[in-house]
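Letter by letter, the chains look like this.
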Amino acid sequence: MSQPQNLTEELGEEIITQTGNNKSLKIVQLYPRDMNIYGDWGNTLSLSRRAQAHGFTTEIVDYNPGDEFPLDGDIFIGGGGQDSGQSVVQDDLLANAETLRMLAQDGTPMLVICGLYQLFGKEFKTVGGETLNGVRIFDAKTVGGEERLIGNIVEESEEFGTLVGFENHSGLTYLSGDTKPLARVTKGEGNNTEDDGEGAHVHHVIGTYLHGSLLPKNPAVSDYLIKHAAIKKYGEFTPVVIDDSLVEKARASAAARPR
Ligand SMILES: NC(=O)CC[C@H](N)C(=O)O
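Residues numbered from 1 in each chain as written. Predicted model: local features only at pLDDT ≥ 70, side-chain atom pairs only at ≥ 80, totals over all residues. Heavy atoms only, no water.

Q: Residue-level account of the pairing of strand β7 (residues 140-157), with values.
A: The pairing of strand β5 (residues 123-125) with β7 spans three bridges and is parallel. Within β7, the position partnered with phenylalanine 124 by the bridge is threonine 142. Two strands pair when backbone bridges link them, and β7 and strand β8 (residues 161-175) are joined in this way by 14 bridges, in the antiparallel orientation. Its bridge partner lying in β8, isoleucine 150 is registered against asparagine 168. What sits between the antiparallel neighbours β7 and β8 is a turn of three residues. The sheet contact formed by β7 and strand β9 (residues 183-187) spans three bridges and is antiparallel. (Pairing = 2+ DSSP bridges. Helix = DSSP H or I, 4+ residues; strand = E, 2+ residues; numbered from the N terminus.)

Q: If you had to explain the site of the ligand to someone new, which residues and values would you point to?
A: Taken together, the neighbourhood of the ligand is formed by 16 residues, with Asp83, Cys114, Gln118, Asn168 and Gly171 sitting nearest. Separating an oxygen atom of the ligand from a side-chain N or O atom of glutamine 118 is a distance of 2.9 Å. Burial of the ligand by the surrounding chains reaches 99%, relative to a free accessible area of 290 Å². Looking at the shell around the ligand, the elements that each hand over two or more residues are α3 (83-95), α5 (115-119) and β8. Residue composition of the shell around the ligand, grouped by class: three nonpolar, 11 polar and two charged. (Near = heavy atom within 4 Å. Polar contact = N/O pair within 3.5 Å; in protein donor to acceptor, adjacent residues only side chain to side chain. Areas by Shrake-Rupley, 256 points an atom, 1.4 Å probe, with all protein chains shown as cover. Nonpolar A, V, L, I, M, F, W, Y, C, P; charged D, E, K, R; others polar.)

Q: Residues and numbers for the layout of surface pockets, please.
A: The gaps of empty space that remain are located by a probe, the size of a water molecule, rolled over the atoms. Within this model, the largest pocket holds a volume of roughly 170 Å³. Elements represented by at least two residues in the lining of the largest pocket include exactly β7 and β9. (1 Å grid on protein atoms, 1.4 Å probe; cavity = no way out; pocket = protein on both sides within 12 Å on 5 of 7 lines; lining within 4 Å. Points joined across faces, edges and corners; volume = space filled by probe spheres on them.)

Q: Can you lay out the packing of helix α2 (residues 40-53) against helix α7 (residues 219-234) for me, pointing to particular residues and giving the numbers?
A: Look at α2 against α7: their axes get within 10 Å of each other, and the N-to-C directions meet at 65 degrees. For the element pair α2 / α7, the angle class is roughly perpendicular. Once α2 is placed against α7, the crossing between them reads as right-handed. For the pair formed by α2 and α7, the contact residues are Leu47, Arg50 and Ala51 on the first element and Pro219, Ser222, Asp223, Leu225 and Ile226 on the second. (Axes fitted to C-alpha atoms, helices over the stretch in contact; angles between N-to-C directions. Parallel < 35°, antiparallel > 145°, perpendicular 65-115°, else oblique. Left-handed = near helix turned anticlockwise from the far one by under 90°. Contact = heavy atoms within 4.5 Å.)

Given below as structure tokens:
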């Protein structure tokens, strides 16, 4: 199914609500035209709704190749894509690599999933023999594998506790240097088939193979992104206690599912 040209325009009325205070967060979705599969748009929507529940007004901005880069973004989020989609965005991404590195070092929260996670590393050698250079926020290299790693995944993260989700990738990612994994896999594969690491986490930038059900099923990750965005912009974050009982049921059911 083709993506709408501008997801924000399509759903804008619904997702931007006034909450009566003057605090707002701008969420930038990176490359929704080419990098947005397996429900990744749902992460953006979920993040926006969660920020609204914490009392913020939210604005979602799509960033596609050639657009003016939204330097005033408070949270950057990007999804997965096929190798071909990654190839399409590569030049634009590299043109913005220094800006993204600067924002990351400055503490801007970001969440990048699968295909964009791979491109936030140093390089991705595709199974077709192409080398895509990355942004170098993560000290990570990815190599295209012959086999796809597909299925439900459960992992334990120091920062977030248990994370549940779904992975679907052939790229195998290897971390080095100071880049630590986001979590240790207890069910599924994660970064590669050799170690139990999944994803990566440096500054406030999270890379992961968990797709569109990540933020709806793991609100602690949304809260982390919102908290760091709010502290960076306003110097404070006062969380609202949100009833997560339904989420807890969904998490328990996801964790119990077979691979
Ligand atoms: N789901 C994805 O984003 C896939 C990324 C990459 N093309 C891979 O298969 O490894």
